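Descriptive analysis of the structure
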Amino acid sequence: MKMQRREVLGVLTVAAGSALLPGSFAAAEQTPAGNPLPKERVTGIGGIFFRAHDPKALAQWYQDHLGVSVTPQSDNDRVWQQQAGPTSFTPFPEKTTYFGDATKRWMINFRVGDLDKMAGQLQAAGIAVKVDPTTYPYGRFARIHDPEGNPIELWQPLNAVTVK
């Protein structure tokens, strides 16, 4: 389980860091010989959509406990704004045990600024939080589940970690 996380975020960290190396921008701007135009790419995640037994109650839980606002239903509703930062997009093998329950087909990883504060806040609300005691070269992690049992990983990136 930890090896998969190490591999995924280790690669993510290396990739993010390599973008800052001299010459990496020039290499990234090169286009293949047969294609004179740069390839269009997505710019980020525009939404996360999934099935729920009780969508309204689940949306309220995410808003109350994680601060994630759902899609606006009127002009007065705010859309959730996330901070820019690293995002891992990683398909896992179909038989992975990393998500826990084998019937769950997805897991979301949310970045947090202070893992201990978030864990305490969730525990005070009666939500079970399993904080990984290891600090990895790229940060710290905790695992929770939403009311429908979907796994959620909380990640405090290394640059947000304060050594205790």
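Keep in mind the model is a prediction, meaning the values are calculated, not measured.

1. Topic: helix α4 (residues 115–124)
Looking only at α4, the buried set comprises Leu115, Met118, Ala119 and Leu122. Along the axis of α4, the buried residues cluster in a sector spanning 100°; they form a single face. What points out from α4, more than 90 degrees from its buried face, is the exposed set Lys117 and Ala124. Residues of α4 that are buried make contact with α3 (55–66), β2 (130–131), β3 (139–145) and β4 (151–157). Its side-chain oxygen at 3.2 Å from the backbone nitrogen of aspartate 116, aspartate 114 defines the N-terminal cap of α4.

2. Some points on the pairing of β3
Counting buried positions over the 7 residues of β3 gives 6, a clear majority of the element. Here β2 pairs with β3 via 2 bridges, running antiparallel. Its bridge partner lying in β3, valine 131 is registered against alanine 142. As paired strands, β3 and β4 are joined by 7 bridges and run antiparallel to one another. Paired with arginine 140 across the bridge in β4 is glutamine 156. Counted along the chain from β3 to the antiparallel partner β4, the turn is 5 residues long, and its residue glycine 149 has a positive phi close to 85°.

3. Here we look at the sheet that holds β2
Pairing within the open sheet is mixed, and its 4 strands lie in the order β1-β4-β3-β2. With partners counted over all chains shown, the strands left at the sheet margins are β1 (108–111) and β2, one partner each.

4. What about the pattern of salt bridges?
Throughout the structure, instances matching the rule amount to 2 salt bridges. Between arginine 140 and aspartate 116 there is a salt bridge, with the nearest N and O atoms lying 2.9 Å from each other. One end of the pair, arginine 140, is in strand β3; the other, aspartate 116, is in helix α4, with 24 residues separating them in the sequence. Classification of arginine 140 as buried rests on a relative accessible area of 12%. Between arginine 143 and glutamate 153 there is a salt bridge; the shortest N-O distance is 3.9 Å. With a gap of 10 residues between them, arginine 143 in strand β3 and glutamate 153 in strand β4 connect regions that are remote in the sequence. The same class applies to arginine 143 as to glutamate 153, namely buried.

5. Here's the deal with the nonpolar core
Counting 18 residues, the largest nonpolar core has Tyr62, Leu66, Phe110, Leu122, Ile144, Ile152 and Leu154 as its most contacted members. Residue assignment for this core shows that the elements contributing at least two residues are α3, β1, α4, β3 and β4.

6. Overview of the pairing of β1
Side chains Ile108 and Phe110 of β1 all project onto a buried face; the interleaved residues Asn109 and Arg111 project onto a face where none is buried. Pairing between β1 and β4: 4 bridges, direction parallel. The residue bridging asparagine 109 from the neighbouring strand is glutamate 153, located in β4.

7. Some thoughts on the side chain of glutamate 153
Assessed through its relative accessible area of 4%, glutamate 153 is described here as buried. Reaching out from glutamate 153, the side chain makes a polar contact with the side chain of asparagine 109 at a distance of 2.9 Å.

8. Notes on α3
Under the 1.5 Å per step criterion, the end-to-end length of α3 is 16 Å for 12 residues, consistent within 8% with the ideal 16 Å. Looking at the buried side of α3, the elements it contacts are β1, α4, β3 and β4. Backbone geometry just after α3 places glycine 67 at a positive phi near 75°.

9. Here we look at the confidence of the model for the protein
Looking at the protein, pLDDT values average 81 and 76% of them are 70 or higher. Predicted confidence is poor over residues 11–29, with pLDDT under 50, and the contacts of this stretch with residues over four places away or in other chains come to 9 contacts.

Cut-offs and rules
Residues numbered from 1 in each chain as written. Predicted model: local features only at pLDDT ≥ 70, side-chain atom pairs only at ≥ 80, totals over all residues. Heavy atoms only, no water. Buried < 20%, exposed > 50% of the residue type's maximum accessible area, 1.4 Å probe, protein only. Helix = DSSP H or I, 4+ residues; strand = E, 2+ residues; numbered from the N terminus. Arc of directions from axis to C-beta. Contact = heavy atoms within 4.5 Å. Polar contact = N/O pair within 3.5 Å; in protein donor to acceptor, adjacent residues only side chain to side chain. Pairing = 2+ DSSP bridges. Salt bridge = Lys/Arg side-chain N within 4 Å of Asp/Glu carboxyl O. Core = buried A, V, L, I, M, F, W, Y, C linked by side-chain atoms within 4.5 Å. Expected span 1.5 Å × (residues − 1). pLDDT = per-residue confidence, 0-100.

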